[in-house]
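Results of the structural survey
Here is how the chains run, residue by residue.
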Amino acid sequence: MSGDPTLERIAQGEGLALCAAGNWTARFAPALERIVSDAEKLRGTRPHIFIDVSQVSSLDTFGAWLIERLRRSLSDAATEAMIAGLSANYSSLVDEVRRVGTAPKVDSEPLSITVMLEQIGRTVVGIGGTIVSLVDMLGAVIAATGKVLIHPRSFRLTSTVHHLEQVCWRAVPIVVLITFLIGCIISQQGIFHFRQFGADIFVVDMLGVLVLREIGVLLVAIMVAGRSGSAYTAELGSMKMREEIDALRTMGFDPIEVLILPRMLALVLALPILAFLGAMAALYGGGLVAWLYGGVDPEAFLLRLRDAISIDHFIVGLVKAPVMAAVIGIVACVEGFAVQGSAESLGQHTTASVVKGIFFVIVMDGVFAIFFASIGM
């Protein structure tokens, strides 16, 4: 039989036969959807239901899926639905469709002390694996640096300059703008609260110490982690997906020396420069608001700033910058090398790179704060 698809119902004692005929293909999709939807209403009416497809003249994946959907809809605890009359040409197609979506349902375990301890253990193992990966990457970068120092001709200056332009020069506008605004906000809030005690001028002390020691370098490092760290992870992850890193190893090149060392060096050079420019922009913004909002003359602002800060505050901020840059670079490169062969993996590791980079930057800032406090700086 050929032509439009049909599904005839034939009663057989306590059972029911559904005889399919005609073309069960995507060409007749609207008609097939109506036929199957009407047949699905027979669920639970008979203990045995047979779907006879021996008279089907043409069957494609769409039709096979509808037949399998009908079988699943009619099957329950009280009804057994079976497909009969499959020809050799169509049996493999129906079997393949039958395997779709038949994964066993995993029952969620009830929350218990054992499950909680297992989750904590897995989390600790994951943290340990992350730390091991970071230490391994740090060792590889140090080893590659030693090789370059021994053989200076292997150093890739062009690549380093390119990444320095991307990380430093192109980041200057956004870094200066954000730090300028933060300086304005700190100054405005400080004047607003100090004015209650008649101590407007002390906002200069707060602004100078905060910007040079903490806020300046920390804010710039966070912006670099979000901007350049994510870019490093995406670039390396894309190369990993396209097997370019494996191709480098096949050609006898060290990926650490070729890909990571120039990026790390560019980041270590760029962050102190950006931190300095950011600190100057924040001080300028704070001084501008102190003048326009607080009535503090620029000359008085500069005189008070000179008395409030010392070279130690400037050194503390700049010493933090290269270390934070190294941490951001190592985290970004580790996450980039961990990307698997899918776009989903690339997105996950890029997000993890930013989150972990910011986390370790804040941790390092706390470590530096304790260290400099212990030595009196």
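Residues numbered from 1 in each chain as written. Predicted model: local features only at pLDDT ≥ 70, side-chain atom pairs only at ≥ 80, totals over all residues. Heavy atoms only, no water.

**Overview of the UniProt feature "transmembrane region" (unreviewed entry) in the protein**
Cross-referencing UniProt, the feature "transmembrane region" (unreviewed entry) maps to residues 124-146, 167-189, 201-225, 265-293, 313-334 and 354-375 in the present numbering. Taken end to end, residues 124-146 is 100% helix and 0% strand, and its first and last C-alpha atoms sit 33 Å apart. (UniProt positions renumbered as here; feature names shortened; annotations may be inferred. Helix = DSSP H or I, 4+ residues; strand = E, 2+ residues; numbered from the N terminus.)

**Here we look at helix α1 (residues 29-39)**
Turning to α1, its buried residues are Ala 29, Leu 32, Ile 35, Val 36 and Ala 39. Within α1, the buried residues cover an arc of 125° as seen down the axis, which keeps them to one side. For α1, exposure combined with an orientation more than 90 degrees from the buried face picks out Pro 30 and Arg 34. Where the residues of α1 are buried, they touch β1 (6-12), β2 (15-24) and α2 (61-74). (Buried < 20%, exposed > 50% of the residue type's maximum accessible area, 1.4 Å probe, protein only. Arc of directions from axis to C-beta. Contact = heavy atoms within 4.5 Å.)

**Regarding the packing of α1 against α2**
Relative orientation of the contacting elements α1 and α2 amounts to 10°, with a least axis distance of 10 Å. Taken together, the axis directions place α1 and α2 in an arrangement best described as roughly parallel. Counted together, Ala 29, Leu 32, Glu 33, Val 36, Ser 37 and Ala 39 of α1 and Phe 62, Leu 66, Arg 69, Leu 70 and Leu 74 of α2 form the full contact between these two elements. For the contact of α1 with α2, the per-class residue count stands at 8 nonpolar, 1 polar and 2 charged. (Axes fitted to C-alpha atoms, helices over the stretch in contact; angles between N-to-C directions. Parallel < 35°, antiparallel > 145°, perpendicular 65-115°, else oblique. Nonpolar A, V, L, I, M, F, W, Y, C, P; charged D, E, K, R; others polar.)

**Here's the deal with the pattern of salt bridges**
Taken as a whole and judged by the stated rule, the model has 13 salt bridges. Where Arg 69 meets Glu 33, a salt bridge forms, and the shortest distance between an N and an O atom there is 3.5 Å. Of this pair, Arg 69 sits in helix α2 while Glu 33 sits in helix α1, and the two are 36 residues apart along the sequence. Residue Glu 235 is joined to Arg 263 by a salt bridge in which the shortest nitrogen-to-oxygen separation is 2.8 Å. Pair noted here: Glu 235 is in helix α7 (residues 202-241) and Arg 263 is in helix α9 (residues 255-292), with a separation of 28 residues, a long-range link. Residue Arg 263 is classed as buried on the basis of its relative accessible area, which comes to 6%. By sharing partners, the salt bridges in this structure join Glu 33, Glu 40 and Arg 69 into a single network. (Salt bridge = Lys/Arg side-chain N within 4 Å of Asp/Glu carboxyl O.)

**Some details on the sheet that holds β1**
Read across the sheet, 4 strands follow the order β1-β2-β3-β4 without closing on themselves; strand pairing throughout is mixed. Since the sheet does not close on itself, it has two edges, and those belong to β1 and β4 (80-84), each with one partner. Each neighbouring strand pair of the sheet contributes to a mean axis angle of 20°, computed without reference to strand direction. Both β1 and β2 contribute to a ladder of 7 bridges, which runs antiparallel. (Pairing = 2+ DSSP bridges.)

**A look at the confidence of the model for the protein**
Per-residue confidence for the protein gives a mean pLDDT of 85, with 95% of residues at or over 70. The secondary structure element of the protein with the lowest average pLDDT is helix α3 (residues 88-98), at 78, and the one with the highest is α9, at 91. (pLDDT = per-residue confidence, 0-100.)

**Thoughts on the domain arrangement of the protein**
Split into domains, the protein comes out as domain 1 (6-99) and domain 2 (130-375). Inter-centroid distance (C-alpha atoms) of domain 1 to domain 2 is 64 Å. (Domains from an automatic or database assignment.)

**Remarks on the pairing of β2**
Counting buried residues in β2 gives 10 out of 10 residues, a clear majority hidden from the surface. As consecutive antiparallel partners, β1 and β2 are separated by 2 residues, and within that stretch Gly 13 has a phi angle of approximately 65°, a positive value. Judged from the 9 bridges that link them, β2 and strand β3 (residues 48-59) form a sheet pairing that is parallel. What sits directly across from Ala 21, in β3, is Gln 55.

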